[in-house]
Amino acid sequence: MSAAGLAISPAAAARDRREALTAWLFSLPALALLSVMLLLPALAVFFVAFTDWQLGNNSIHFAGTANFESVLKDPVFWTSLRNTLVYAVVVVPASMALGLGLALLVNAGPSLRGFYGAVFFLPFTASLVAMALVWQILLHPTIGPVNALLAMAGLPTHNFLHDPNLALPTLMVIGIWQLSGYAMLLNLAGLRAIPPDLYEAARMDGARGAWSRFTLVTWPQLGPTTLFVFVVSSMTALQVFETVAVLTKGQPARRTEVMLYTIYNEGFVFLRTNYAAALMIIFLVVLCGVMLLNVLTLEKRVHY
Amino acid sequence: MAGVAVTNVRKSFGAEPVLADVSLDIRDGEFLSVLGPSGCGKSTLLKLIAGLDIADSGEIRVGDRVVSGVDARRHDVAMVFQSYALYPHLSAGRNIAVPLEMQRLNGFRRLPLLGRLLPGTGRIRAGIRADVEATAAQVRLSHLLDRLPRQLSGGERQRVAIARALVRRLSVLLMDEPLSNLDAQLRVAMRGELAELHRRTGLTIIFVTHDQAEAMSISSRVAVMMKGRLQQVAEPRVLYDRPDNLAVAAFVGDTPINLLPARVLAGGTVEAAGVRLAFDGVPETAAGLQMGIRPEWLRPADAAAADTWTGVVTGVEYFGAEAVVRLELKGGHSMTVRWDGDWALPATGKAQPVRIKPGRGLLFAASGDRIGEVRPADAGLAVAI
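### Let's talk about the overall build of chain B
Part 1 of the argument: Looking only at helices and strands, one finds 10 helices and 21 strands in chain B.
Part 2 of the argument: When the backbone C-alpha atoms are referred to their principal axes, chain B occupies close to 90 × 45 × 35 Å.
Part 3 of the argument: By residue count, 49% of the 385 residues in chain B fall in the buried class.
Part 4 of the argument: Accessible area of chain B: about 17300 Å², with a carbon and sulfur share of 51%.

Next up, the structure:
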C-alpha cells in the first residue's frame, strides 16, 4: 500500500475548504446579529459589573467586587429576592395544578374543546401590560367591580393593590391567571398524545375509576410535558415585572419589590449602571442554580 | 375454565354497521383465530368480548356468566394488545404486577409510602411479588423484571404483555394482532411459543389476525370475517380445502387461487377454459359459474392433451423450495402454478401445459357460494372432449 493512497488529495482538501468557507458565509448574518444583540451586551454587563461606571460618566475605573459587596449588604436586594422566590413558589405550582385541571376538564368533553382552549389560553397571548390595566380597573377600590361584588355579598371591601398584606397575593393571583392558560394548552396537547391503548389496558388490568386511571396512565404519561411546563413557568414567574411596574411599583412598603423591578429601578431610574449589572449577574446565578437543581432532580423521575 | 359464546351481536359506529349479527361459539380450551382483512370488524368483536366496548344488541357469555353490558374488569378475561400497551414508567415486573395490585390492594394501600404503613400491605405485596415471579418464569422473563419497557426488545416486551395477561390466572385470553409488530423470524418463533403456551395452560385463546398463514398455523379453528360478517368457522384444513365461498377461498392461501369462468355441460361435467371436470350436485341451469383452482393443485404435463390447460409462460419467480410460474391461457385468462423447487423451470415465452391433481377443483355459483363436489379421484379423471 502506498503512502499516496492514504493522503487526502489536494483537490479534495481544496473542496473541503471551499465548503467550510461557504458554511461560515451562510451563518455570518445570524452570527453577527447574535453577537450584536445578545453576546456583546451580555459581555458588557459582565464587564460593567466590575467597574464604577454609571450612565453618563466619562471615565471608567476597575472596582473589583465592590458592587457585589454593596448589593449583598443592601436590605432592598434581600427583600426583593425573597419576594421573587415567594411569588414563584406560590404561582408556579398553583398555575400548573390549575392548568392540568382545566386541561382534564376541557379534554373530557368533546364539544367546544377548541373554544375553551382558546378562552383559557388568551391571558398568555395578550399583552400583560394591557391586561394589568384591566386588572387595575377590576380591583379599583371605589369603581372596581370586584369590590362592588364583595360589597353586594356583604363582605368587607379591600384596597387590594395598596394593602401591604394583600398586594403580593393579588399579584400572585394575576400571575396564576396568566400562567395557568399556558399550562393548560401544553397539557391539552400532552393529553391528546397519550395512546388510547394504555387506558384500555388499564381497564383490562382492573383500574377502577378516574383516580386509578390518572395515577396509572395520565400522570406518568404527562411527565415530560409537566417538566417542560415547570421550567417555562418558573422562568416566567421568577422574571415577573409587568404587573409590578404597572400596578404597584414595588410598593406598598416594598412588599412587591421583585428582582427585575429592582434591577430596572437601579439601572434606568437611579442610573446606577454598575450596581444594576452586578444585581443582574447575581440574579442570573440564582436563576441558573434554581433551574439546574430542578431539572436534575426532576428529570430522573420523568420517563420519555 | 370457560368458553365464550357470542350470540347475535350487532355493533355500529354511527350509521356504519361494523358487526352485523355475529354468532360464534368458542369452546373451552380452544385456540380460535379470527381472521380477516383490516376494517372487517374483528378487533371490534374482540373489544366487545373484552368489555372495552358495548354491543348494540346481542349477548356475550364467558363461561356461564352473561357479560354483555358489564364493565371490562368484571369480564374476567385478559387481553394482549397489538402495541403491547405497557406502562412506560413501570419496570417489567411492576407492569406484570398491576392487575394483581388492582385486585388485591384497595385505593389506600396503593398510595405511595402511606399505603405501605397500613398493616397487612407488606404481606399482600409479598404475595403479589411471588405470583409475578412465577408468571415471569413461565414466559422466561425472570432476568428482565427490573428493566423498563424501553430497555427491552420487541419480543421481550411482547412477553411482558403476555405475562401481564396471564398473571391473574383467568381462563380466557384475548390477543389483538400480537405478532404484527415483530420482525419475520421472531414472529415465527413467537408463533411456536404461543402454541406451546396454549398447550401447557389449556387457556381459551381468541386470537385476532389479518395474516392467514399465522391463523392457519396455530389455531384449532379459524373464523373468517369479512365486512362485519362471519364467512366460515372451521378447522384450517377445511377452510383451505373446502372454503364456503369465493371470498374465503381468495383470502386463505399464500398464493391467490386461480379463477376461471366455467359452464355446466350435460351429465354434471363442468368446462373451464377448454378443460372438463366431473362435478356432483351442480344444477344444469347454473350460470355465471367460476372454477377455483389453487396454484398447488396444478402439475406440469409433458404434452398438451384434452385434460390440460396450455398457456404461455409470462413470468417465473424462484424462491428455492418452490417457484411460482405465471401462465397466460387462450382467451386472456391468467393462471398461477406452484412449481416444486426440484422441477425444471419453464422458459418465459414458451407454451407450458398443466394438469390438475385428481380429486381437486372448486366450483362457485354466481352468488359466490361454493356449489357441487368434484368427483372423487378414481372417477374424477378429466373427461376427454
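### Quick notes on the pairing of strand β14 (residues 289–293) of chain B
All names here are of chain B.
Part 1 of the argument: Of all five residues making up β14, four are buried, and the element is well covered by its neighbours.
Part 2 of the argument: As judged from the three bridges shared by β14 and strand β20 (residues 362–364), these two strands associate in the antiparallel manner. Following the sheet pairing, Gln290 is matched in β20 by Phe364.

### Observations regarding the interface of chain B and chain A
Part 1 of the argument: Across the boundary between the two partners, chain B contributes 27 residues, which contact 19 residues of chain A.
Part 2 of the argument: Taken together, chain B and chain A are joined by two salt bridges.
Part 3 of the argument: A salt bridge links Arg164 of chain B to Asp205 of chain A; its shortest N-O distance comes to 3.6 Å.
Part 4 of the argument: There are six residue pairs in polar contact (both at pLDDT 80 or more) connecting chain B and chain A.
Part 5 of the argument: Broken down by secondary-structure element, the contributors of at least two residues to the side of chain B that touches chain A are α1 (42–50), β6 (78–80) and α2 (92–104) of chain B.

### Concerning the domain arrangement of chain B
Residues and elements named next belong to chain B.
Part 1 of the argument: Its domain assignment divides chain B into domain 1 (4–241) and domain 2 (254–374).
Part 2 of the argument: Here domain 1 and domain 2 have C-alpha centroids that lie 41 Å from each other.
Part 3 of the argument: With five residues of domain 1 at the interface, the matching set in domain 2 holds six residues.
Part 4 of the argument: Between domain 1 and domain 2, a total of about 440 Å² is buried, with carbon and sulfur atoms accounting for 30% of that surface.
Part 5 of the argument: Linking domain 1 to domain 2 there are one salt bridge.
Part 6 of the argument: Arg360 is paired through a salt bridge with Asp241; the nearest N and O atoms lie 3.2 Å apart.
Part 7 of the argument: Put simply, domain 1 and domain 2 have four residue pairs in polar contact (both at pLDDT 80 or more) between them.
Part 8 of the argument: It is helix α9 (residues 236–241) that provides the largest number of residues to the side of domain 1 that touches domain 2, a total of three residues.
Part 9 of the argument: Residues belonging to the side of domain 1 that touches domain 2 are distributed by class as follows: three nonpolar, one polar and one charged.

### Observations concerning the sheet that holds strand β19 (residues 351–356) of chain B
Residue and element names in this part refer to chain B.
Part 1 of the argument: On the basis of which strands lie adjacent, the open sheet formed by five strands has the order β15-β19-β16-β17-β18 and antiparallel pairing. Unpaired on one side and paired on the other, β15 (298–300) and β18 (334–340) mark the two borders of the sheet. Strand after strand, the sheet turns through a mean of 45° between neighbouring axes, direction not considered.
Part 2 of the argument: Judged from the seven bridges that link them, strand β17 (residues 322–329) and β18 form a sheet pairing that is antiparallel. The residue bridging Leu327 from the neighbouring strand is Met335, located in β18.

### Here's the deal with a nonpolar patch on the surface
Part 1 of the argument: Residues Leu33, Leu34, Val36, Met37, Leu38, Leu39, Leu40 and Leu43 of chain A make up a contiguous nonpolar surface patch of about 840 Å² in total accessible area.
Part 2 of the argument: If you trace the backbone, Met37 of chain A turns up in helix α2 (residues 10–48).

### A short note on unusual backbone geometry
Residues and elements named next belong to chain B.
Part 1 of the argument: A positive phi angle, near 55°, is found at Arg140, a position not held by glycine.
Part 2 of the argument: Along the chain, the position of Arg140 falls in the loop between α5 (121–138) and α6 (154–166).
Part 3 of the argument: The phi dihedral of Ala273 falls on the positive side, at around 50°, and the residue is not glycine.
Part 4 of the argument: Along the chain, Ala273 falls in the loop between β12 (269–272) and β13 (275–280).

### Notes on the sheet that holds strand β9 (residues 221–226) of chain B
All names here are of chain B.
Part 1 of the argument: Taken together, the six strands give an open sheet; going across it, the order is β6-β7-β8-β3-β9-β10, and neighbouring strands pair in mixed fashion. Both outer strands of the open sheet, β6 and β10 (229–234), are each paired with one neighbouring strand and no more. Neighbour-to-neighbour, the strand axes of the sheet open up by a mean angle of 20°, direction not taken into account.

### Some remarks on the side chain of Thr243 of chain A
Residues and elements named next belong to chain A.
Part 1 of the argument: With respect to the element layout, Thr243 can be found in helix α12 (residues 242–248).
Part 2 of the argument: Using a relative accessible area of 3% as the deciding quantity, one classes Thr243 as buried.
Part 3 of the argument: Contacts of Thr243, omitting those with residues within four sequence positions, involve Leu128, Ala132, Leu171, Ile174 and Thr248.

### Notes on the nonpolar core
Residues and elements named next belong to chain B.
Part 1 of the argument: With 53 residues, the main nonpolar core has Tyr87, Leu174 and Ile206 as its most contacted residues.
Part 2 of the argument: It is α1 that provides the largest number of residues to this core, a total of five residues.
Part 3 of the argument: Those residues in contact with Leu174, other than ones at most four positions away along the chain, are Leu46, Ile49, Ala50, Val77, Ala78, Met79, Val80 and Ile206.

### Here's the deal with the packing of helix α11 (residues 223–238) of chain A against helix α14 (residues 273–299) of chain A
Residues and elements named next belong to chain A.
Part 1 of the argument: Contact geometry of α11 with α14 gives a least axis separation of 11 Å together with a crossing angle of 165°. The orientation of α11 with respect to α14, classified from their angle, is roughly antiparallel. Two packed elements cross with a definite hand, and for α11 against α14 that hand is right-handed. For the pair formed by α11 and α14, the contact residues are Leu227, Phe230, Val231, Ser234, Met235 and Leu238 on the first element and Phe283, Leu287, Val290, Met291, Asn294, Val295, Leu298 and Glu299 on the second.
Part 2 of the argument: Among the residues making up the contact of α11 with α14, the classes are represented as 11 nonpolar, two polar and one charged.

Each value, and the rule that gives it
Residues numbered from 1 in each chain as written. Chains lettered and ligands numbered in written order. Predicted model: local features only at pLDDT ≥ 70, side-chain atom pairs only at ≥ 80, totals over all residues. Heavy atoms only, no water. Helix = DSSP H or I, 4+ residues; strand = E, 2+ residues; numbered from the N terminus. Buried < 20%, exposed > 50% of the residue type's maximum accessible area, 1.4 Å probe, protein only. Areas by Shrake-Rupley, 256 points an atom, 1.4 Å probe, with all protein chains shown as cover. Pairing = 2+ DSSP bridges. Contact = heavy atoms within 4.5 Å. Salt bridge = Lys/Arg side-chain N within 4 Å of Asp/Glu carboxyl O. Polar contact = N/O pair within 3.5 Å; in protein donor to acceptor, adjacent residues only side chain to side chain. Domains from an automatic or database assignment. Buried area = accessible area lost by both parts, 1.4 Å probe. Nonpolar A, V, L, I, M, F, W, Y, C, P; charged D, E, K, R; others polar. Axes fitted to C-alpha atoms, helices over the stretch in contact; angles between N-to-C directions. Patch = residues over 30% accessible without salt bridge, like charges linked within 9 Å, V, L, I, M, F, W, Y side chains within 5 Å. Core = buried A, V, L, I, M, F, W, Y, C linked by side-chain atoms within 4.5 Å. Parallel < 35°, antiparallel > 145°, perpendicular 65-115°, else oblique. Left-handed = near helix turned anticlockwise from the far one by under 90°.

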